[in-house]
Structures are given as structure tokens and as C-alpha cells.
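What the coordinates show
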Amino acid sequence: MNAHPAVPFSLDHYAALHDLVRSWRNLGEIPEERLPAPADGAACARLLAAEARLLDAGRLADWLALFTADCAYWLPTDVTGEDPAKFVAWEFNDRRRLEERVERLATGRAYSQAPPTRTVHLLSGLEMLTDGPDGMQVLANFLIQTNFAGRVGQRAGWTGYLLRRQHGRWRIALKRINLFDADLPQDNNSFTL
Amino acid sequence: MTVAMARTTAGVYDRLFRPGQVHRDLYVDPQLFELEMRDLFGRTWVYVGHETEIPKPNDFVTRNLGRRPIILCRTTAGEIAVLINRCPHRGAVVCRSARGNAGGFTCGYHAWSFANDGRCAGLPLRHAYGEGFRLRDHDMARPARVASYRGFVFASMIADVPPLDEHLAGARRYIDQWLDRDDRKPVLVNNGVMRFRTHANWKTVYDNAGDGYHPPFSHESMLRVFAARYGDVDMKYFTADVDDSAMEAIDLGNGHTMLDQRPAMHAVSAWERQHVMPGREILEQRLFERFGAERGRQMLDASTGSGMNLNIFPNLLIIGNQVQRVDPLAVDETVIDWFSTSLAGAPDEINAARMRLQEDFPSFGEVDDSANFEACQAGLALVPELEWVDISRHLTTGRGRRGADGLWHEPVTSDRHMRAYFEAWKALMDAGSAARLREGGGR
Ligand code: FES
Ligand SMILES: [Fe+2]
């Protein structure tokens, strides 16, 4: 995925993302040669723990700082791994649209988040695969406990991350949030999953 | 219906309406909701789906028709069919998949099986039903009428409805305009669905579909962010006094209406006034390389939001490039399905741009609409002493006019949309209760 990065959000990029998702869906046991060095695995796990903590604290500006300049935040509508060039997502945000999303929530006029949904993000079953020397793919199940204005709820599914090491630090290049019921009616998902 | 019969029930719903106001019971009374499912959704043309959702023989999707489970399918012979998804044996829901491809359906309970045109194809241990048993008496039921207008499939549970073309009235020319943009590539409704659940009455959703008053306020967060970043883009035109603009609300008859934003949005280039979306630059560049800047921009203009809010009573909303189906589940629960669309035969860049564009409003705007629907539901349900809801904008200003098209036009913030559809609501509900009285059926 990292070897010949396509221009972000070109058709080639969508094709590469589609392939990546397919590889995740077909993954069996992680091949020995793709197991990460312990130090890299620990660094990536720390990044994802910090990500969850910042989201739950509502520190979205700090959370954004964990993403690369060419990142994508992707919440598909399907549970079948469709091609993002041909299939609409709940959200498919590049860095710009992700920043706009954060800015919208900060206006004080985002009525879908008045009051903000409280969350606790739980990640479990982390699996990591190296993606070249400075890339890491991480798959994890998630459970988000929510409370929106007194209404308790949960969101569940699995997340596929693509992490990249930049100047010695791991950053999020892709976060694909696969709600297990993304194709079924969804309540207010305008908080940040 | 005979005139005498109509008189016996005329007036049962009068109490719900005053000039410029409607009663809260319309939104919160569960019994009234049940009656709507019988007398309104059961007695008019209801939007089921689009033919391009089921392109191949044996394709099907399951839906609701005013809560009745139905199957929309393309038969083995290639015909469009709508089946009531209820087993004629003991009543079980037969097909339990959301979509698929199947030559027929077999009930999970006693394995009665049906072809995908509904014909009963066989059942186990038939001898016990005796000599006179005929398979053809045990077909799956179908709505009394099914008809399409340019791919949009509608069904009616009763036969006594006007022809679909007549029912669509003034909406037909706008469906045509929505479909026939640029070089008229066929619109496909087969690119994913966002299924929004809102804890509000279905009419709150329909109210909003024709509400040209709310955008600068409900959508302030979105408009503010885009204006701060990109200047005069998107729906920024809504932040002036839009009643003095060329945008308008049009009454299309039978409860159908149209908000026309095209005079503002498509005045010069819709693509140029569309703020950036993921891939904007690279997709534009590739299109311009292949087709030249002029043709490239034409294609992009025709794939930016349509600038139309076309509302077809009671459950079809065409907004931007999306098709919405409003699905009432309970008096205070509604699912809004946003079907995305692509263009058959268009360059892949155009359809990729369409996907990203169609994600914009749902996540930046619809979420706030839905929160406001839920706030309305809460306020209406929780305060029984306060009974009335205002629908009076431009009722007394004399700004409406009959256009050269024969349709009634009002300023874009008018509540004419609500006044118009509630008139259709009342006519259908009155006719429905008269029919039940005549048939002696009661509830
Ligand atoms: S209920 Fe369907 S076969 Fe008996
Ligand atoms: Fe809105």
C-alpha cells in the first residue's frame, strides 16, 4: 500500500484502498514475516490508546494532530467491502473535511451534538501487520459506550487502521470504522467514532 | 365513494386544523398513526423503490409499505413486481433478507414456496388439503396497483386510485428535469444507502423537506464553517432574505411540492460554488485532461447537487442527487433512507465525485435536521396543554401567484408546503374513514 502511494483520492488511491480492505476481509493468521518488532507494536498500541483517550475527553484538536496530512476517516455504509469510488459512505473524509467536521462541532451551533455525545471507546483484540518498514496495519474490535442527552447506547464493530511512521512518530493515515450494522438504520452518529 | 357516505364521516379530522395551525395529535397520537397506516399509506400511491436497484432478473429488495412488509423484485421474466411479504398460509414473513437474487421464495415455517411473481409453486404434503385444493388460490398477495414513472416504482393497496401520472400531477415535469440533466445519462439508484433513524413522527420529516425557512438557522454550523474557509459557497445564499431571491416554493398538487434552489445554486456554475470535497482537485484535473475544461466543467456541474427539493407525498423526497424514502415505523420513529445515485456510462471520476459530494450534506446537515426533528417530537409529546403548531408563513402576505405553468408559486420560506400536503392528508384520511364505515369494517 505504501510502496507507490497514489495521489490521494484519485481513482488509483480508491483502488488501493479497496484492495486493502479486501486483504483485511480475507486475512487468516498473520504471516510470521509480517509480525511487527515488539517496540513498533508497543508504540502503535500506545498511539491507539491515546487516540481513544483524546476522543473520550472531547479533545478533538489534539486528536486531529494524530493524523497524517493525507489521511482518511472512513465510515462505510456497507458491510461487504464495496469500492469507495462507486459506493457512498456515511463519511469518507480527507484531512480537510475532517478538520471541517471538527470545526463544525466547535461552532456551538451543531445541534446534533447539543449536548455532545459522551463516549467511552474500548478497543480489543488488536492485530498488527507490518506494511513496509514505516507502515503498520492494525485491526481491532471496538465498542463505544455512548450517552446522548441521557439516552444510553452502544456502537460496535471493527476498525482497520493504516499507521505510518513520520519523523520517528507513528501517525494515523487511515481509520476505517466498520460498524457491524452500518447497512441498517443508525441513530445519531455525529460524534466522532 | 358516494356523497351520502362521505357526509357521515366528514369532519372527524376537522378538529386537527385551524387557519395557519395544526394540532399536536397529528404528531403524537399513536391511534392516529395506526389510522394513517390504514387510510393514508393504505389508500394512495406509495413510493417503493427504483427499478435500477434491481437491474437483473430475480433481483429483489425488501421494503415496507406503510409498515406492511413487501418485496420489490424483478421477476425471472424481467417484469417489475411487488409482493406482500406475508405467507398466505399462517401469515409468516416469507423473505427475511434485505436484498438478493432469487427465482422464488420459500417460507421458513412450512416450506410453502412461491415464484418471484408471487404464484404459489408448491407445498409439502398437499394431499391433506383435500380434492378441491388449487395452488392458484394460495398465491402471495400483491398490492392492487403497481406502476412506474421513469423508473420510480409506486404501489397502492387499493385499486381505486387515479392513474400514477395523474397522481404525480405537477411533480412529473420536475422528475423529468431531475433525470434529464446534461446529456441525459441514465441515473442509477444503486450506490449505497444511508439509513437514518430519527425518533420523530414521519410528518416532521416531510414538513422539513419543504421548509425553506430553516437552513440558515438549523444549518448555521455547516454554513459558518464553509463560509469561513471558502467564502460565498454552497447554500450561503440562504443567509440573506431569501424571500426576495429567485428561489421559490411551488405547489405541485396532491400534496407534492418543490423548493427550487436552482436560480441561486446553478446561476453560474454549481461545481464552482461547491466547496471542496475529497479528491476535488485530482478528479477535476483528470476530467479536464480527458475532456477539456469546458466539457469537464459541464459534466461536473451536472453532477453537483441538483438544487431541487422535490417532495412527493407521502414518502418520496428527491434532494440534491439523492433519493430519500421516508419509512414510518411508529408514531415517534421514522427511518429515512438516503439512496445515492450514479450516472450510467459516465467517467469513473464523475461517479467518484458524486459519491464524495453525496456524503457532504448528510454528515454536516442532516444530522442537525434529525436532532431538530427529535426536539420537536419531545416538545410536542411532553406538553399536552399546548396543542397547536404554527404553519402560517406567507398565509396572509399575498405574495403567492399563479405561474404561467399553471402552478401556485410562493416565496421560498413559505409554509405553503405544509398547508398543501395537510390538505391532501385530510382528503385521503376522510375518504379512508368513509370507506371503512361503508364496508362496515371499523378498525
Ligand atoms: S406460515 Fe408460511 S408455510 Fe406455513
Ligand atoms: Fe435541513
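Now for a quick tour of the structure. (Residues numbered from 1 in each chain as written. Chains lettered and ligands numbered in written order. Predicted model: local features only at pLDDT ≥ 70, side-chain atom pairs only at ≥ 80, totals over all residues. Heavy atoms only, no water.)

1. Overview of the overall build of chain B
Looking only at helices and strands, chain B features 14 helices and 24 strands. Against the 2.2 N^0.38 benchmark of 22 Å for 443 residues, chain B shows a C-alpha radius of gyration of 23 Å, consistent with a compact globule. With respect to the three principal axes, the spread of C-alpha positions in chain B is 75 × 55 × 40 Å. The 443 residues of chain B split such that 57% are buried. Nonlocal contacts in chain B, meaning residues at least 24 apart in sequence, comprise 67% of its contacts between residues at least 6 apart. Side-chain charges in chain B split into 53 positive and 59 negative, and the spacing between the mean points of these groups amounts to 5 Å. (Helix = DSSP H or I, 4+ residues; strand = E, 2+ residues; numbered from the N terminus. Rg over C-alpha atoms; globule rule 2.2 N^0.38 Å. Buried < 20%, exposed > 50% of the residue type's maximum accessible area, 1.4 Å probe, protein only. Contact = heavy atoms within 4.5 Å. Lys, Arg positive; Asp, Glu negative; His and termini not counted. Charge placed at Lys NZ, Arg CZ, Asp CG, Glu CD.)

2. Re the interface of chain B and chain A
Taken residue by residue, the interface counts 46 residues in chain B and 37 residues in chain A. When chain B packs against chain A, close to 3600 Å² is buried across both sides, 55% of that on carbon and sulfur atoms. Joining chain B to chain A, the criterion identifies 9 salt bridges. Between Arg97 of chain A and Asp360 of chain B there is a salt bridge; the shortest N-O distance is 2.7 Å. (Buried area = accessible area lost by both parts, 1.4 Å probe. Salt bridge = Lys/Arg side-chain N within 4 Å of Asp/Glu carboxyl O.)

3. Observations concerning the sheet that holds strand E16 (residues 256-260) of chain B
All names here are of chain B. Overall, antiparallel pairing links the 9 strands, which are arranged E14-E20-E19-E18-E17-E16-E15-E24-E23 in an open sheet. Only two strands of the sheet have a single neighbouring strand rather than two, namely strand E14 (193-198) and strand E23 (401-402). When strand E15 (residues 248-253) meets E16, the two strands line up antiparallel, connected through 5 bridges. The residue of E16 that forms the bridge with Glu248 is Asp260. (Pairing = 2+ DSSP bridges.)

4. Concerning the pattern of salt bridges
Per the stated rule, a full pass over the model turns up 53 salt bridges over all chains. Note that Arg436 of chain B is salt-bridged to Asp39 of chain B, the shortest N-O span being 2.5 Å. Within this pair, whereas Arg436 of chain B is found in helix H14 (residues 416-438), its partner Asp39 of chain B is found in helix H3 (residues 30-40), the two being separated by 397 residues in sequence. Residues Arg262 of chain B and Asp260 of chain B are paired through a salt bridge, measuring 2.8 Å at the closest nitrogen-oxygen approach. Through salt bridges with shared partners, a single ionic network connects Arg151 and Asp187 of chain A together with Arg197, Glu333 and Glu374 of chain B.

5. Things to note about the pairing of E15 of chain B
Consecutive residues of a regular strand have side chains that alternate between opposite faces of the sheet. All names here are of chain B. Counting buried residues along E15, 5 of its 6 residues qualify, which places the element largely inside the surrounding structure. Counting the residues in the hairpin turn of E15 and E16 gives 2 residues, including Asn254, whose phi is positive at 60°. Pairing of E15 with strand E24 (residues 408-411) involves 4 bridges; the strand directions are antiparallel. Within the sheet, the bridge partner assigned to Ile250 lies in E24 and is His409.

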